[in-house]
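Coordinate analysis (summary)
Below, each chain spelled out in residue letters.
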Amino acid sequence: MGSASTLLRQCLLLALITALIALFAPGIARFWVLVAGAAAIAFFAIVSWRRHRQIRRLTAQIDEVLHNGRAVQFEKCREGDVAVLTNEAEKMVSRLSRTSAQLQEERGRLADSLADISHQIRTPLTAAELMLASIERAEQPQERKRLLRQLEGQLERISWLVTTLLKIAKVDAGAIRVQKNSVAVADCVRRGASPLEMALDLRDVRLDAAIDPAVRFTGDEPWTAEAIENILKNCMEKTPAGGTITITAHETPLATTIRITDTGPGIAPEDLPHLFDRFYRGGDAKAAGDNLALAAPEGFGIGLSLAQALISAQGGTVQAANAQNGGAEFTISFPKLVV
């Protein structure tokens, strides 16, 4: 309705201008001015009406997409400005469709993650509840102390899980601040291995980390050290007593590479594609209480996922494979050139 009234006002304005020109035109010229003006007004009215009709149809199609969520096929227009508008509307609808699909996919992943988190937290909580009942029934002080130590271990597992999940959530949300500093690999490895010194000694696993102090990379030392710590925990859990974990590093004009290998049994082929998946614990974890993702006993399967997230946030990569001479091999790379 609005476009029709606007068109009518425009035509009346053109008619008024034509009449004023004809009024001052001499003799026979007045007649031709009126004829030419009438023809011009008619042509303008027809073209404008078609354009307004196309715009109304395009508007209705956009409303159909926005309010009803239906996919529509926009009508192709030949006129330049309307054709450009139609093309932009098609781009908008295509972008909205992709965004909607991504939101649905992320919603599904969120639901799966919440279910996994609920399950992972429920297990130690259930164990803690059972231990409380056992502590209440325990009559011997030694038995009560043993159960209290087990309860403390379960509470530490829950605390570790919550802390790790918060770190992963921050990485996913892009909320962690990653520094871009020149870092010595030897210092970073030493920082990552330091919390594991006692555990390595108790398990009789030797750590061999002879790294040239000159090898450096550009990144965040604390976050990289935590990623290395998580990978070392995984290797430590899989390496038998008397075994060795070896860390080497080398620098090229293109990248700095850190390689971590162990003398354990290696990674099962069916586990390799999923090793960095969140809450993945390996094919034998359910039956044997084993885990491929590290951390506390009967781990949750998020340590390697966190390690990958922390390295990726710095623009690096981490890969897992089986070493040629046996055992697992983890390769961290920090590229120097971004193409």
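The text that follows walks through the structure, step by step, so that each part is easy to find. (Residues numbered from 1 in each chain as written. Predicted model: local features only at pLDDT ≥ 70, side-chain atom pairs only at ≥ 80, totals over all residues. Heavy atoms only, no water.)

**Considerations on unusual backbone geometry**
Glycine aside, a negative phi is what most residues show, and trans is what most peptide bonds show. The residue Asp 204 is not glycine, and still its phi comes out positive at about 60 degrees. Relative to the elements of secondary structure, Asp 204 occurs in the loop between α6 (197-203) and β2 (206-208). Given a relative accessible area of 49%, Asp 204 falls into the partly exposed group. (Helix = DSSP H or I, 4+ residues; strand = E, 2+ residues; numbered from the N terminus. Buried < 20%, exposed > 50% of the residue type's maximum accessible area, 1.4 Å probe, protein only.)

**What to know about a nonpolar patch on the surface**
A surface patch of nonpolar side chains, amounting to about 530 Å² of accessible area, comprises Leu 13, Leu 14, Leu 16, Ile 17, Leu 20 and Ile 21. Counting through the fold element by element, Leu 16 comes out in helix α1 (residues 2-23). (Patch = residues over 30% accessible without salt bridge, like charges linked within 9 Å, V, L, I, M, F, W, Y side chains within 5 Å. Areas by Shrake-Rupley, 256 points an atom, 1.4 Å probe, with all protein chains shown as cover. Salt bridge = Lys/Arg side-chain N within 4 Å of Asp/Glu carboxyl O.)

**Here's the deal with the sheet that holds strand β5 (residues 255-262)**
Ordered in space as β2-β4-β5-β7-β6, the five strands form an open sheet in which the pairing is mixed. Where the open sheet ends on each side, the last strands, each with one partner, are β2 and β6 (317-322). Each adjacent strand pair in this sheet contributes to an overall mean axis angle of 15 degrees, direction not counted. Note that β5 and strand β7 (residues 328-335) share seven bridges and pair antiparallel. Across the sheet, Thr 261 pairs through a bridge with Glu 329, a residue of β7. (Pairing = 2+ DSSP bridges. Axes fitted to C-alpha atoms, helices over the stretch in contact; angles between N-to-C directions.)

**What to know about the packing of helix α5 (residues 185-193) against helix α7 (residues 221-238)**
Look at α5 against α7: their axes get within 8 Å of each other, and the N-to-C directions meet at 55 degrees. Between α5 and α7, the interaxial angle falls into the category oblique. Once α5 is placed against α7, the crossing between them reads as right-handed. Contact residues: α5 offers Asp 187, Cys 188, Val 189, Arg 191, Gly 192 and Ala 193, while α7 offers Glu 221, Pro 222, Thr 224, Ala 225, Ile 228, Glu 229 and Leu 232. Per-class residue counts for the contact of α5 with α7 are seven nonpolar, two polar and four charged. (Parallel < 35°, antiparallel > 145°, perpendicular 65-115°, else oblique. Left-handed = near helix turned anticlockwise from the far one by under 90°. Contact = heavy atoms within 4.5 Å. Nonpolar A, V, L, I, M, F, W, Y, C, P; charged D, E, K, R; others polar.)

**Thoughts on helix α9 (residues 303-312)**
What sets the pattern is the α-helix's 3.6 residues per turn: residues three or four places apart point alike. Of all the ten residues making up α9, eight are buried; the element is thus mostly covered by neighbouring parts of the structure. Among all positions in α9, only Gly 303, Leu 304, Ser 305, Leu 306, Ala 307, Ala 309, Leu 310 and Ile 311 are buried. Looking at the buried positions of α9, the neighbouring elements they touch are α4 (141-172), α7, β6 and β7.

**Quick word on the packing of α4 against α9**
Two quantities define a packed helix pair, namely the angle between the axes and the distance from one axis to the other. α9 packs onto α4 with a crossing angle of 30 degrees between their chain directions and a minimal axis gap of 10 Å. In terms of orientation, α4 and α9 fall into the roughly parallel class. When the axes of α4 and α9 are compared, the crossing they make is left-handed. When α4 is examined against α9, the residues Trp 160, Thr 164, Lys 167, Ile 168 and Val 171 are found in contact with a partner set consisting of Gly 303, Ser 305, Leu 306, Ala 309 and Leu 310. Along the lines of polarity and charge, the residues of the contact of α4 with α9 split into six nonpolar, three polar and one charged.

**Focus: α4**
Counted at 1.5 Å a residue, the expected span for α4 with its 32 residues is 46 Å, and the 46 Å between its end C-alpha atoms agrees. All buried positions along α4 are accounted for by Leu 147, Leu 151, Gln 154, Arg 157, Ile 158, Leu 161, Thr 164, Leu 165, Ile 168 and Val 171. Phi turns positive one or two residues past the end of α4, at Gly 174, with a value near 70 degrees. (Expected span 1.5 Å × (residues − 1).)

**Points about the nonpolar core**
One recurring pattern in soluble globular proteins is that nonpolar side chains are buried together. Counting 46 residues, the largest nonpolar core has Ile 231, Ile 260 and Phe 330 as the members making the most contacts within it. Put simply, the parts of the chain that give this core at least two residues each are α4, α5, α7, β4 (244-251), β5, α9 and β7. The greatest single-element share of this core, amounting to eight residues, is contributed by α7. What Phe 330 contacts, discounting residues up to four positions off in sequence, is Ile 231, Asn 234, Cys 235, Ile 258, Arg 259, Ile 260, Ile 267, Leu 275, Phe 276, Leu 304, Gln 319 and Ala 320. Grouped together as the second largest cluster of nonpolar side chains are six residues, Ala 128, Met 131, Ile 135 and Leu 147 included. (Core = buried A, V, L, I, M, F, W, Y, C linked by side-chain atoms within 4.5 Å.)

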